[in-house]
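Given next are the chains, with one letter for each unit.
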Amino acid sequence: MSRRRLDFQVAPGGQLRGRARVPGDKSISHRSIMLAALADGISEITGFLEGEDCLATLSAFRRMGVTIDGPDAGRVRVRGVGLRGLQAPEGPLDLGNSGTSMRLLAGLLAGQSFSSELIGDSSLSRRPMRRVTDPLTRMGADIHCSAEGTPPLRIHGRALQGLRYSMPVASAQVKSCLLLAGLYAEGRTCVREPAPTRDHTERMLRGFGCQVQVEDGWICVQGGQRLRPAGIEVPADISSVAFFLVGASIAPGSDLLLEHVGLNATRSGVVEILRLMGANIEILAAREVGGEPVADLRVRSATLHGIEIPRALVPLAIDEFPALFIAAACARGETVLAGAEELRVKESDRIQVMAEGLQALGVAAAPLPDGIIIRGGAVGGGEVEARGDHRIAMSFAMAGLVAGGPLCVRDCANVETSFPGFAALARGCGLSLVEAHKELP
Ligand code: S3P
């Protein structure tokens, strides 16, 4: 089997201008397939993200007997099979790079009447799974990971009991996993998070006619609820917009309008953090679409300054730190991040990989166990490793706008997991980026 390697070669200079609509929200796209598959009838989805991660979720449900038409230009039609209609897949379900697919499916599959096995690529195979297998086991699940607490997950579906669980980590994936398992459990399942995390599962469950109660910080579902089919309009992904917010902020002369962006308050920490750093971001035409807040964002270049990132904003911007580190590298003074140890267990160790990349470009970046200290200054040209992490690849691509010389970002093929068409869209806005493909043996 040969794999393609992709490097980004970015020429410095340029500005980001015009208007752009980035692809659909990854978290919402995953959930749209999962809930539509469990509904009693046909659901239509528009704006679905056709990236590898969400396609892994889609094909997992096809393999469990769900008929799905599309995706075709973001349109997907799912013929739901009802809460008890999934069928045993033949062989393991390969979820590629997608932690969301694996952790949410773990909950959904624990209460089925069949067995399943979940596997992933080399990055996913290193990620911690006890955070889901431990509470699921307490619900009565028969689920096992490796001795190291990593995939593959082996699940023997069986009857579950409701659980009251106070989560040790602020994780929307763990919360969602348990709420989905809760649909199959006897009685009520209630989870409490140490800090608010993205609430797309709760919103979408309600959109499918389920009751989700929030009482004293406990988020609860009653087992056995049926899902009504629904129409879902997926907004543009704020996590993908983040690269453009940073690029336009740091490149002098930029003025960019990002259209139809999902601005759920549990996701918009990046806008708040950039504004605290002095960014010029306007929120225009705020509206609600399909139960999610949406707006257009106008961003113009600005002089940024370093800040101490408020801890309360960390879970609300958890995927945007690679991009925010580039903003910090271009800001006056020091930016300090703490309380973000979760970054070490994402698609890569994002603290370490970002620190090494920034240092390679001459930026003073000191990793901490749970964060980083970055002293803003000149960003040099040269070569950095994205180590297969999509968000790191796109973040360094944006750094190229202000680099002192040409910048090569290596190992960028996984950009396809979350942002198909990134290079073309960024070029259309003014980034001078060339994709260099190589066949690997
Ligand atoms: C996600 C939750 C977050 C985030 C991930 C998507 C989700 O992970 O980093 O990219 O869709 O629920 P955690 O739950 O591990 O914080």
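Residues numbered from 1 in each chain as written. Predicted model: local features only at pLDDT ≥ 70, side-chain atom pairs only at ≥ 80, totals over all residues. Heavy atoms only, no water.

A.B. asks: I keep staring at helix α10 (residues 350-360) and nothing clicks. Help me out?
C.D. replies: Three or four residues apart is the spacing at which side chains of an α-helix point the same way, because the helix has 3.6 residues per turn. Among all positions of α10, only R350, I351, V353, M354, A355, G357 and L358 are buried. Where α10 is buried, its residues meet α9 (321-329), β21 (364-368), β22 (371-375), β23 (382-385) and α11 (390-399). One or two steps after α10, the chain reaches G362, where phi turns positive at roughly 85°. (Buried < 20%, exposed > 50% of the residue type's maximum accessible area, 1.4 Å probe, protein only. Helix = DSSP H or I, 4+ residues; strand = E, 2+ residues; numbered from the N terminus. Contact = heavy atoms within 4.5 Å.)

A.B. asks: What's the story with unusual backbone geometry in this structure? I'm lost.
C.D. replies: Among all residues except glycine, the phi angle is most often negative; among peptide bonds, the trans geometry is most common. G70 connects to P71 through a cis peptide bond whose omega is 5°. Positionally, P71 belongs in strand β4 (residues 67-72). The step from P151 to P152 runs through a cis peptide bond, and the omega angle for that step is 0°. Mapping P152 onto the fold places it in the loop between β8 (142-144) and β9 (153-156). Although it is not a glycine, D216 adopts a positive phi angle of roughly 55°. Along the chain, D216 falls in the loop between β14 (212-215) and β15 (218-222). Even without being a glycine, D411 presents a positive backbone phi close to 70°.

A.B. asks: Help me understand the layout of surface pockets in this model?
C.D. replies: Gaps between atoms show up when a probe of the same size as a water molecule is rolled over them. Here the largest pocket defines a volume of roughly 610 Å³. Looking at the largest pocket, it is lined by 35 residues, and the ones nearest its centre are A170, S171, I318, E342 and K346. Put simply, the parts of the chain that give the lining of the largest pocket at least two residues each are α1 (26-38), α3 (99-110) and α5 (172-184). (1 Å grid on protein atoms, 1.4 Å probe; cavity = no way out; pocket = protein on both sides within 12 Å on 5 of 7 lines; lining within 4 Å. Points joined across faces, edges and corners; volume = space filled by probe spheres on them.)

A.B. asks: Whenever I open this one, the pairing of strand β20 (residues 334-337) confuses me. Can you help?
C.D. replies: Each regular strand shows side chains that alternate between the opposite faces of the sheet. What you see with β20 is a clean split: T335 and L337 sit on the buried side and E334 and V336 on the side with no burial. Bridge analysis of β20 against β22 gives four bridges, and the strand direction is antiparallel. Residue pairing in the sheet places V336 in a bridge with I373 of β22. (Pairing = 2+ DSSP bridges.)

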